[in-house]
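# Fold and geometry: a report
Single-letter residue listing:
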Amino acid sequence: MSVVIILLIASVLVAGGFLAAFLWAVRNGQYDDLETPSVRILFDDAEIISDKKPSSFPKE
Amino acid sequence: MKIATGEGIICYHCGQDCRDDLVQFDDKSFCCNGCRAVYGILSEAKLGAYYQKNEAPGIRPPRVSAGRFEYLDNIDICEKLLEYSDENQARVSFFIPQIHCASCIWLLERLYLLEPGIQQAIAGLPRRRLTLIFDKKSTNLRKIVELLASLGYEPKITLDDIGKPRTQKRDWSLYAKIGVAGFSFANIMLFSLPEYLSHHGISDSHLSITFRYASLILALPVLLYSAGDYFRHAWAGLKGRFINLNVPLALGIGMLFFRSLYDILFNIGPGYLDSFSGLVFFLLLGRLFQQKSFEKLSFDRDYKSYFPISCVKKTKSGETTVPITRLRPGDRIIVRNQELIPADSIMISGNAAIDYSFVTGESQPQNPISGQRVYAGGRQLGGAIELDVICEVSESYLISLWSDQRFVSPAKGNTTTLANAISKHFTAAILAIAVVTAFYWLNHDPSKLVFAVTSILVVACPCALALASPFVLGTAARIWGNNRFFVRKPEIIEELFRIDKIVFDKTGTLTHIDKQTVTWHGEFSEYDKSLILSLARHSTHPASRILAGSLTNIELRDVSDYSELPGKGVQGVVDGHPVKVGAESWLHSNKRESTQIAAPRSFVAIDEKVYGYFQFETTLRNGLDKTFEKLRARYDLVVLTGDSNASSAPLQSLVGSETPVATRQSPFDKLDYFERQRHEGTRTIMFGDGLNDSGALRAATVGIAVTDDISAFTPGCDGIIDAEQLGKIDRFLAMAGRCRSVIIAAFAISLLYNIIGLSFAASGHLSPLISAILMPVSSVSVVLFSTIATRLMARREGIA
């Protein structure tokens with residue numbers, strides 16, 4: 001029976017971790033635009049011969 | 001002899017037919033120098049991959065005058081446009097309506113290769129925005145906008161962008177609530193399984209207690225956080241003394257939880273926490289589904305998003321650009337081709353051809369001469385003109401109309417949805433049953449009373465009420481969106497269930513603004529027409545474009561001595577023959593200017609001899625005959641137009657002889673009409689397109705803006721429909737009626753479940769297991785039924 005208690009706590013913790021990750025993703029704005037990232041995946045930067053790289057986007 | 005064709009050849013850059021011009025470069029064909037120029041810029045910067053992502057992804061850059069973006073040099077304007085700015089960097093966000101495909105995103109996010117000052121660029125497809133961070137020391141707003149314009153991606157910057165502060169934060173709380181509810185629902189279900197699956201209860205009582213309390217702990221955030229809105233809205237409704245849908249919902253949710261709490265605390269049973277959290281989860285999903293809004297459109301635009309930010313003012317020292325809000329009476333301004341007149345003014349000089357169709361509905365351009373008044377909002381179609389401002393922008397006659405309270409405040413009454421109406425009866429019925437059951441058990445077996453009554457409140461699931469509408473209307477809104485009829489929110493579809501009268505605007509709604517037909521009156525040979533066309537091409541007047549459109553495969557001739565005479569017409573020597581095209585009074589010096597010309601006529605004189613005239617007529621949109629036939633059968637139709645064109649046989653025959661057509665309607669006339677309808681209780685739909693319909697669109701029961709270009713300005717409305725889909729109105733309305741039937745059918749299904757559940761509950765046999773099965777099953781089946789039935793209805797009406 002004690003094993004089940006441990007299982008219960010462990011499973012709730014793991015699931016809770018996923019919930020936290022979901023809430024973080026929503027807060028991070030990942031659900032704001034679902035269309036454009038699907039398009040960006042197909043880009044291939046090797047097509048441009050340039051040594052310029054985009055700098056990271058500062059968060060406001 | 002140059003033949004004005006490359007017809008049949010597709011431009012490599014923008015994909016349009018190379019009808020006007022054919023430019024060859026680098027083994028590729030382009031329709032104009034603009035497209036070729038963009039191709040040149042991109043291939044030089046090694047950005048040729050732009051063309052690999054999509055076929056002909058480019059946009060043909062419009063011809064822009066040089067100083068077009070001068071106003072961006074103005075510091076005040078820049079401050080208002082930038083989202084963020086310090087000494088080194090600045091961030092700005094543009095709305096670029098031309099963004100339409102992967103190539104656009106690809107190119108715009110690599111702008112740093114064309115302008116090194118740009119440090120980062122992020123583009124978004126749904127909202128067509130581009131957000132840039134740039135180095136203030138190496139580049140500025142004006143250079144960036146000019147670069148974008150030269151590539152065909154000119155951002156739309158209007159007066160609206162200066163006014164309001166930037167607030168872009170999206171509300172993510174609904175997602176969070178769903179996450180929490182779903183998490184708890186799933187875990188509580190798992191915890192409940194042992195108790196359900198074992199026949200005589202779990203042998204180890206400690207275990208069962210542990211699971212129950214674990215469920216209780218998980219259920220708490222669902223009650224307090226996820227379900228919070230339902231309690232708040234129900235309370236608000238009760239305080240306002242009316243029962244809305246949230247009342248039975250809150251009752252059900254609350255009863256589920258507290259009954260479970262009681263059961264667990266007093267060790268009576270496992271409670272109904274899985275039903276509870278499941279109910280909240282499904283309800284919230286319904287709410288998310290109903291929240292569908294079309295992000296790329298705006299339904300709230302007012303005149304500010306129609307006007308530009310600045311205009312050119314003439315001062316003693318030359319020309320400067322000023323924000324239009326700073327214009328004062330007496331300022332001399334210059335308005336160029338395709339620009340809007342920012343404030344009421346007097347004409348001073350230039351060839352004015354002002355298109356007021358958007359502002360008053362007048363279909364033909366006006367040609368005011370020196371000394372006459374011109375109004376803010378009109379678009380100049382001819383060359384550059386000079387004007388003297390009479391009053392400030394906000395006091396212009398037309399703007400003061402829009403600011404009128406009646407236009408601004410929402411005139412829509414309280415919307416009682418079907419669900420809200422039924423929920424009153426539902427709640428009453430449940431309470432009645434509870435009372436009857438209470439009496440019954442009081443007399444037969446008081447110990448079961450509490451159990452039975454609370455079971456009734458537990459199982460009486462108004463979830464169908466709460467789920468049917470969102471899923472039916474949400475599905476319908478999505479399907480309609482795919483057919484380019486966008487409603488502001490799905491509830492609007494309910495407003496369309498019962499309509500008595502449909503009102504149409506004419507200019508731009510039932511007619512094409514851009515396409516006009518040309519009719520020739522007189523003896524004109526092909527040679528004559530080629531002379532006229534060659535002459536007309538030198539004019540920026542849109543008439544020449546329309547002429548060119550209607551005369552294909554005509555050879556162009558050489559033109560010399562071309563000149564434009566304001567108020568009269570154009571003249572020149574074409575292929576050796578003197579040609580004049582213009583007003584009748586100019587060519588027929590002995591004829592008086594005849595009054596009441598229905599449509600402007602252009603007379604033609606070749607070699608000093610008048611050959612006749614040609615006339616422009618606005619064309620009605622195609623394919624509306626069948627639609628109007630069907631509409632006439634079911635609804636009263638009315639046409640209200642600001643046009644002064646009194647006679648229009650084609651229009652009358654389209655809408656039907658009994659349909660009243662009222663012309664010369666001012667925006668106030670239209671507004672008054674709808675207020676009268678509302679007074680009489682008539683439910684109306686208004687189809688309009690321009691600023692002159694703003695008031696009408698707000699005052700009608702449902703106001704729908706018709707547009708040829710979804711990204712162009714549309715006035716505040718409840719829905720936007722692409723003009724090409726106008727022919728499907730009868731089907732959309734029919735489908736709306738069917739949606740109502742689907743909702744009622746879904747209610748009936750839910751009623752069935754409720755009867756089954758209630759019979760268990762009233763007889764004192766409702767166990768948590770039965771409830772746990774009944775609730776999700778009823779919810780899911782209602783959702784499935786709603787969604788599938790709506791799609792079937794759509795297919796039945798021929799809407800894909």
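Residues numbered from 1 in each chain as written. Chains lettered and ligands numbered in written order. Predicted model: local features only at pLDDT ≥ 70, side-chain atom pairs only at ≥ 80, totals over all residues. Heavy atoms only, no water.

Before going further, it helps to spend a moment on the overall build of chain A. Helix and strand counts for chain A come out as two helices and zero strands. Taken over 60 residues, chain A has a buried fraction of 15%. (Helix = DSSP H or I, 4+ residues; strand = E, 2+ residues; numbered from the N terminus. Buried < 20%, exposed > 50% of the residue type's maximum accessible area, 1.4 Å probe, protein only.)

Residues and elements named next belong to chain B. Of the residues in chain B, 90% reach a pLDDT of 70 or more, and the chain-wide mean stands at 82. Contacts from residues 594-598, a stretch scored under 50 in pLDDT, to residues over four places away or in other chains number two contacts. At the level of chain-chain contacts, confidence expressed as ipTM amounts to 0.78, with global pTM at 0.79. (pLDDT = per-residue confidence, 0-100. Contact = heavy atoms within 4.5 Å.)

Every other side chain in a regular strand lies on the same face of the sheet, so the side chains alternate between the two faces. All names here are of chain B. With six bridges joining them, strand 7 (residues 310-315) and strand 8 (residues 318-323) adopt antiparallel strand pairing. Following the sheet pairing, Cys311 is matched in strand 8 by Val322. As consecutive antiparallel partners, strand 7 and strand 8 are separated by two residues. (Pairing = 2+ DSSP bridges.)

With that settled, consider the sheet that holds strand 25 (residues 684-688) of chain B. Across a sheet, paired strands are connected by hydrogen bonds in the backbone, their directions being either parallel or antiparallel. All names here are of chain B. Reading across the sheet, the seven strands line up as 15-27-26-25-16-23-24 and stay open at both edges, with mixed pairing between neighbours. Of all the strands in the sheet, just strand 15 (485-487) and strand 24 (661-662) have a single pairing partner and so form its edges. Note that strand 23 (residues 636-640) and strand 24 share two bridges and pair parallel. Residue pairing for strand 24: Leu640 is matched across the bridge by Ala662.

Since the α-helix advances by 3.6 residues per turn, residues separated by three or four positions end up pointing in the same direction. Over its 20 residues, helix 10 (residues 246-265) of chain B extends 28 Å from the first C-alpha to the last, a length consistent with the 28 Å expected when each residue adds 1.5 Å. Counting buried residues along helix 10 of chain B, 14 of its 20 residues qualify, which places the element largely inside the surrounding structure. (Expected span 1.5 Å × (residues − 1).)

All right, on to a nonpolar patch on the surface then. All names here are of chain B. Nonpolar side chains collect at one region of the surface, where Ile209, Tyr213, Tyr262, Leu265, Phe266 and Ile268 lie side by side and expose about 600 Å² of accessible area between them. Looking at the nonpolar patch, the elements that each hand over two or more residues are helix 8 (205-226) and helix 10. You can see Tyr213 is positioned in helix 8. Exposure remark for Tyr213: the relative accessible area of 33% places this residue in the partly exposed category. (Patch = residues over 30% accessible without salt bridge, like charges linked within 9 Å, V, L, I, M, F, W, Y side chains within 5 Å. Areas by Shrake-Rupley, 256 points an atom, 1.4 Å probe, with all protein chains shown as cover. Salt bridge = Lys/Arg side-chain N within 4 Å of Asp/Glu carboxyl O.)

Here the focus is unusual backbone geometry. All names here are of chain B. Positive phi, close to 70 degrees, is recorded for Asp27, a residue that is not glycine. Among the structural elements, Asp27 can be located in the loop between strand 1 (23-25) and strand 2 (28-30). For Arg484, which is not glycine, the phi dihedral falls at a positive 65 degrees. Mapping Arg484 onto the fold places it in the loop between helix 16 (463-482) and strand 15. According to the relative accessible area criterion, Arg484 is partly exposed, its value standing at 33%.

Our focus in this paragraph is the side chain of B:Thr682. Mapped onto the secondary structure, B:Thr682 falls in the loop between helix 23 (667-680) and strand 25. Ignoring sequence-local partners within four residues, the contact set of B:Thr682 consists of B:Asp500, B:Lys501, B:Gln677 and B:Thr701.

Here we come to the environment of B:Leu671. All names here are of chain B. Here Leu671 is to be found in helix 23. Judged by its relative accessible area of 0%, Leu671 is buried. Distance in space between the C-alpha atoms of Leu671 and Gly124 is 38 Å, their sequence separation being 547 residues.

Once that is clear, we can look at the pairing of strand 25 of chain B. Residues and elements named next belong to chain B. Here strand 25 lies mainly inside the structure; five of its five residues are buried. Residues Thr684, Met686 and Gly688 of strand 25 are buried on one face, and the alternating residues Ile685 and Phe687, pointing to the opposite face, are buried as well. Of the pairings in the sheet, the one linking strand 16 (residues 501-504) to strand 25 comprises four bridges and is parallel in character. Residue pairing for strand 25: Phe504 is matched across the bridge by Phe687. Bridge analysis of strand 25 against strand 26 (residues 702-707) gives four bridges, and the strand direction is parallel. Residue pairing across strands places Phe687 opposite Ile704, the latter belonging to strand 26. Traced from strand 25 through helix 24 (residues 694-699) to strand 26, the parallel crossover comes out right-handed. (Right-handed = clockwise from strand over helix to strand, strands pointing away.)

What follows concerns the nonpolar core. All names here are of chain B. Counting residues in each nonpolar core, the largest one holds 113 residues, and the members touching the most others are Phe276, Trp480, Ile502, Phe504, Leu510 and Phe687. In terms of residue count, the dominant contributor to this core is helix 16 (13 residues). Ignoring anything within four residues of it in the chain, the contact list for Phe276 reads Ala219, Val222, Leu223, Ile253, Leu256 and Phe257. Cys18, Ile105, Leu107 and Phe134 belong to the second largest nonpolar core, which has 57 residues in total. (Core = buried A, V, L, I, M, F, W, Y, C linked by side-chain atoms within 4.5 Å.)

Let us look at the pattern of salt bridges. Residue and element names in this part refer to chain B. Tallied over the full model, the rule gives 25 salt bridges over all chains. The closest approach of N and O atoms between Arg332 and Glu386, which form a salt bridge, is 3.1 Å. Separated by 54 residues along the polypeptide, Arg332 in strand 9 (residues 332-335) and Glu386 in strand 14 (residues 385-389) bring together distant segments of the chain. Take Glu386: its relative accessible area is 15%, and that puts it in the buried class. Among the salt bridges present, the one from Glu339 reaches Arg336, with a minimum N-O distance of 3.2 Å. For Glu339, a relative accessible area of 18% corresponds to the buried category. Of the residues examined, Arg336 reaches a relative accessible area of 18% and is grouped as buried. Taken together, the shared-partner salt bridges connect Lys177, Asp229, Arg232 and Arg287 into one network.

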